[in-house]
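Now for the letters of each chain:
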Amino acid sequence: AQSVAQPEDQVNVAEGNPLTVKCTYSVSGNPYLFWYVQYPNRGLQFLLKYITGDNLVKGSYGFEAEFNKSQTSFHLKKPSALVSDSALYFCAVVPRGYGNKLVFGAGTILRVKS
Amino acid sequence: EPEVTQTPSHQVTQMGQEVILRCVPISNHLYFYWYRQILGQKVEFLVSFYNNEISEKSEIFDDQFSVERPDGSNFTLKIRSTKLEDSAMYFCASSGDREGYNEQFFGPGTRLTVL
């Protein structure tokens, strides 16, 4: 079965410090990988994606993510966190060759404190 | 910036009643989706729709559910006879292409409460 795991329900970080939100996946083949963010009363907003090529992908608002094939991970990172980054973050995959439905992780709440 | 809109933001209904959730996808997008999130659980795929046909549906999308593009702008999800377990946040999404590497753009969701 295809699944995405976000092992941390919540991540707390101080403003200005680097942040990492973890994601691992169990999907056959090489999936497409995505990160979405959800602010209160808003829809899921696309942050970044990995299709192929360079393992480090850059996205919106200074976020980046590192794809690691051997560890089947796609961790979200940011060098310097802002209070405004506080939100709910979802990792998602689309298995290649299996249509285009997103399979989501459970989400991780990121809290950045000033 | 174009965005997906959904109405209503919150719908309360009695068990057994029909509900229609409405979505206006991004205007030049051709592929439309519904997902739902039961409180405390993961966001789950329900159905994808293209060219006035269902492309793919999940096990959740049984005969009680239907989707329709009644005109050039709206995309609707109908639940014929709601059950308590249908209470969830329902998200509509759209994309410009069916390729799996294209990001999907989500609306803010409709919170459905079935009493």
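Whatever comes next refers back to the structure up there.
Rules used in this analysis
- Residues numbered from 1 in each chain as written.
- Chains lettered and ligands numbered in written order.
- Predicted model: local features only at pLDDT ≥ 70, side-chain atom pairs only at ≥ 80, totals over all residues.
- Heavy atoms only, no water.
- Phe/Tyr/Trp six-rings, centres within 6.5 Å; stacked < 30°, edge-to-face > 60°.
- Helix = DSSP H or I, 4+ residues; strand = E, 2+ residues; numbered from the N terminus.
- Buried < 20%, exposed > 50% of the residue type's maximum accessible area, 1.4 Å probe, protein only.
- Lys NZ or Arg CZ within 6 Å of the ring centre and 35° of its normal.
- Polar contact = N/O pair within 3.5 Å; in protein donor to acceptor, adjacent residues only side chain to side chain.
- Pairing = 2+ DSSP bridges.
- Contact = heavy atoms within 4.5 Å.
- Buried area = accessible area lost by both parts, 1.4 Å probe.
- Salt bridge = Lys/Arg side-chain N within 4 Å of Asp/Glu carboxyl O.

Draft legend 1. Local environment of the packing of aromatic side chains. In total, this model carries 19 aromatic pairs over all chains according to the counting rule given. Judged by centre distance (6.2 Å) and plane angle (55°), the ring pair of A:Tyr36 and A:Phe104 falls under tilted. Of the two residues, A:Tyr36 sits in strand S5 (residues 32-38) while A:Phe104 sits in strand S11 (residues 103-104), which places them 68 residues apart along the sequence. With respect to class, A:Tyr36 is no different from A:Phe104; both count as buried. Taken together, the aromatic side chains of A:Phe34, A:Tyr36, A:Phe46, A:Phe90, A:Phe104, B:Tyr33, B:Tyr35, B:Phe45 and B:Phe106 make up a single cluster linked through ring pairs. Positioned over the ring face of A:Phe63 is A:Lys78, at 5.0 Å from the centre of the ring.

Draft legend 2. Representation of the environment of A:Trp35 within the structure. Residues and elements named next belong to chain A. Here Trp35 shows up in strand S5. Take Trp35: its relative accessible area is 0%, and that puts it in the buried class. Linking Trp35 and Ala92, residues 57 residues apart in sequence, is a C-alpha distance of 6.2 Å. A polar contact of 2.9 Å, which involves the side chain of Trp35, links it to the backbone oxygen of Phe74.

Draft legend 3. Highlighting the pairing of strand S6 (residues 44-50) of chain A. Across the 7 residues that make up S6(A), a large majority, 5, are buried. The loop that links S5(A) with its antiparallel partner S6(A) comprises 5 residues; one of these, A:Asn41, has a positive phi angle of about 65°.

Draft legend 4. Highlighting the interface of chain A and chain B. Contact with chain A, which involves 22 residues of that partner, is made by 20 residues of chain B. Here chain A meets chain B over a buried area of about 1,800 Å², counting both sides, of which 56% is carbon and sulfur. Taken together, chain A and chain B are joined by 2 salt bridges. Close ionic contact of A:Lys49 with B:Glu103 constitutes a salt bridge, the shortest N to O distance being 2.7 Å. Across the chain A-chain B interface, the total number found is 7 residue pairs in polar contact (both at pLDDT 80 or more). When residues in the side of chain A that touches chain B are grouped by element, the largest group, 4 residues, is from S5(A).

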